[in-house]
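Survey of secondary and tertiary structure
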Amino acid sequence: MAPIPQSTHTPARPRAGRIRRAAVAAVAVLTTAGLLSACGYGSKSEDKSSAAPAATGAKLSVDTVKIGYFANLTHGTALVGLQQGIIQQELGGTRIKAQVFNAGPAEIEALNAGSIDIGWIGPSPAINGFTKSEGKSLRIISGSASGGVKLVVNPEKINTLDDLKGKKIATPQLGNTQDVALLNYLAEKGYKVDAQTGDGDVKVLRTDNKVTPDAYKSGSIDGAWVPEPTASKLVTLGAKVLLNEKDVWPDKKFVITNLIVSQKFLKEHPDVVEAVLRGSVRTNAWIKANPDQAKDVANARIKADAGNSLDAAILDPAWQDIDFIDDPLAGTLQAEADHAVTAGLLKKPNLAGIYDLTLLNKVLKENNQPAVDDAGLGTR
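Residues numbered from 1 in each chain as written. Predicted model: local features only at pLDDT ≥ 70, side-chain atom pairs only at ≥ 80, totals over all residues. Heavy atoms only, no water.

1. Section: the overall build of the protein
Across its full length, the protein carries 13 helices and 12 strands. The burial tally for the protein puts 59% of its 380 residues in the buried class. When contacts within the protein are restricted to residue pairs at least 6 apart in sequence, those whose partners lie at least 24 apart make up 82%. About 14,800 Å² of surface is accessible on the protein, with carbon and sulfur atoms providing 48% of the total. (Helix = DSSP H or I, 4+ residues; strand = E, 2+ residues; numbered from the N terminus. Buried < 20%, exposed > 50% of the residue type's maximum accessible area, 1.4 Å probe, protein only. Contact = heavy atoms within 4.5 Å. Areas by Shrake-Rupley, 256 points an atom, 1.4 Å probe, with all protein chains shown as cover.)

Written as structure tokens, this is what we have:
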């Protein structure tokens, strides 16, 4: 077993029973006011605090930090960081209470209600939460993952991108990140589609990721623009990858998962936020250094959270297609929001202040890594 990287951070002298640990964060998310929602597919919302490694050492400014995430491979930073105890190491005696979600809106509601303090989440629900609260609910503090989204199709019906006309293509949910990406792609290719109904030159069917494989097998859809591992699951059923979404983005990178925090919690407990972010950065470094072991660790966490692990035929290609990074790729968040506006799913949002990358860049500097940019959408 590969060793867990030890933190290079030297804590400040304990004061009032609390030690400060630095940390990091910043990630971007896209959503629409009331329309854009999560791209998740996982277990029901569930308290997994009993699965967390033991908290040892001095506590930070709270006894417990409440963390949300999905039991999805695109949330691999959370899966591995929690399962391996990397994040808990940074928190010392402050305990983790983890909660698993299967939809972004539910996680945003939990954040707003104080049921969670920090969470891994996709771009759509993050933007939704920020815009609906008029910029008062959350901040994106770190990136987590890029990629892991594909257009997969029935090769007996679709052989090229020119064959999409008249076909039925599934996305996870109206206005979610993949839905917006498909609508934008079809528009660029000259296809006419009503964003709300999904009717047009290409029929866009909003289908829960859990249902999509059965819909494909029954022939009720001809393909799907979906995140991993749903895309690889469809491939095992005979579908082929027609387009990897990476190929339509500059440098083949776009945000798929971010780390967000309640603004109230960030203000009141910056030491805890720093610790979680430091754990996130260490986790991504460990994933890159130990990709095969990290894949198995993530799968073990999925089994613990969702009840079933992923077969190797699904797990291996899905994991390989996801890049775990600290950069929130803020420019792609703005682009995704612009795509939603163009599709008619979102009125032009004011995203100024959605990012606060101060702690992330502090941690990156301490690790001799370059600072990341907020694309002009940070706090000032």
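2. Let's talk about the packing of helix α10 (residues 291-306) against helix α11 (residues 312-320)
It is at 11 Å that the axes of α10 and α11 come closest, and there the two elements cross at 120 degrees. In terms of axis orientation, α10 runs oblique to α11. When the axes of α10 and α11 are compared, the crossing they make is right-handed. Packed against α10, whose contacting residues are Pro291, Ala294, Lys295, Asp296, Ala298 and Asn299, the element α11 presents Leu315, Asp316 and Trp319 at the interface. Grouping the amino acids of the contact of α10 with α11 by side-chain chemistry returns 5 nonpolar, 1 polar and 3 charged. (Axes fitted to C-alpha atoms, helices over the stretch in contact; angles between N-to-C directions. Parallel < 35°, antiparallel > 145°, perpendicular 65-115°, else oblique. Left-handed = near helix turned anticlockwise from the far one by under 90°. Nonpolar A, V, L, I, M, F, W, Y, C, P; charged D, E, K, R; others polar.)

3. A few points about the pattern of salt bridges
Per the stated rule, a full pass over the model turns up 17 salt bridges. In this structure, Lys203 and Asp199 form a salt bridge, with 2.1 Å as the shortest nitrogen-oxygen distance. For Lys246, the salt bridge is made with Asp321, and the minimal N-O distance between the two is 3.5 Å. You can see Lys246 sitting in the loop between β10 (240-244) and β11 (255-262) and its partner Asp321 sitting in the loop between α11 and β12 (322-324), a full 75 residues away along the chain. A single burial state applies to Lys246 and to Asp321, both of which are buried. (Salt bridge = Lys/Arg side-chain N within 4 Å of Asp/Glu carboxyl O.)

4. Quick notes on the sheet that holds strand β9 (residues 223-227)
The strand order across the open sheet formed by 5 strands is β8-β7-β9-β6-β10, and the pairing between neighbours is mixed. Each of the sheet's edge strands pairs with one partner strand only, and the pair in question is β8 (203-206) and β10. On average, adjacent strands in this sheet sit at an angle of 25 degrees to one another, irrespective of strand direction. In this structure, strand β6 (residues 149-153) lies alongside β9, joined through 5 bridges in antiparallel fashion. Its bridge partner lying in β9, Val153 is registered against Gly223. (Pairing = 2+ DSSP bridges.)

5. Details of helix α5 (residues 177-188)
Under the 1.5 Å per step criterion, the end-to-end length of α5 is 17 Å for 12 residues, consistent within 8% with the ideal 16 Å. Taking burial as the measure, the 12 residues of α5 include 10 buried ones, the bulk of the element. Buried within α5 are the following residues: Thr177, Gln178, Asp179, Val180, Ala181, Leu182, Leu183, Asn184, Tyr185 and Leu186. (Expected span 1.5 Å × (residues − 1).)

6. Structural notes on the environment of Leu357
Along the chain, the position of Leu357 falls in the loop between α12 (330-343) and α13 (358-366). As a C-alpha pair, Leu357 and Gly378 span 21 residues in sequence and 7.3 Å in three-dimensional space.

7. Description of unusual backbone geometry
Here the residue pair Glu228 and Pro229 is connected by a cis peptide bond, since its omega of 10 degrees sits within 30 degrees of zero. Locating Pro229 in the fold gives a position in the loop between β9 and α7 (230-236). Positive phi is not limited to glycine here, since Asn368 has a value of about 55 degrees. Relative to the assigned elements, Asn368 resides in the segment after α13. Within the chain, Ala375 stands out as a residue other than glycine whose phi angle is a positive 55 degrees. Along the chain, Ala375 turns up in the segment after α13.

8. Thoughts on the nonpolar core
Judged by nonpolar contacts, the single largest core of 68 residues is most densely connected at Leu73, Leu91 and Val273. Looking at this core element by element, the count peaks at 7 residues for helix α9 (residues 270-289). For Leu73, the residues in contact, after removing those within four places along its chain, are Leu79, Pro229, Ala298, Ile302, Leu310, Leu315, Ala318, Trp319, Ile322 and Phe324. Counting 26 residues, the second largest nonpolar core, distinct from the first, contains Ile108, Leu111, Leu351 and Leu364. (Core = buried A, V, L, I, M, F, W, Y, C linked by side-chain atoms within 4.5 Å.)

9. A few points about α13
Within the span of α13, buried status applies to Leu359, Leu360, Val363 and Leu364. Buried residues of α13, seen end-on, are gathered within an arc of 135 degrees and therefore sit on one face of the element. Exposed residues pointing more than 90 degrees away from the buried face of α13 are listed as Thr358 and Lys365. Elements that come into contact with the buried residues of α13 comprise β5 (138-147), α8 (263-268) and α9. In the stretch just after α13, Asn368 is the one whose phi turns positive, near 55 degrees. (Arc of directions from axis to C-beta.)

10. Details of the packing of aromatic side chains
The tally for this structure, following the rule as stated, stands at 3 aromatic pairs. Taking the centre distance of 5.7 Å and the plane angle of 15 degrees together, the rings of Trp249 and Phe254 count as stacked. For the residue pair Trp249 and Phe254, the accessibility class agrees, reading buried in each case. Consider the rings of Trp319 and Phe324, whose centres lie 4.9 Å apart with planes at 40 degrees: the pair is tilted. (Phe/Tyr/Trp six-rings, centres within 6.5 Å; stacked < 30°, edge-to-face > 60°.)

11. Brief notes about the packing of α5 against α12
The contact between α5 and α12 brings their axes to 9 Å, and the two run at 65 degrees. In terms of crossing hand, the pair formed by α5 and α12 is left-handed. Residue-level contacts link Thr177, Val180, Leu183 and Asn184 of α5 to Glu336, His339, Ala340 and Ala343 of α12. Residue composition of the contact of α5 with α12, grouped by class: 4 nonpolar, 3 polar and 1 charged.

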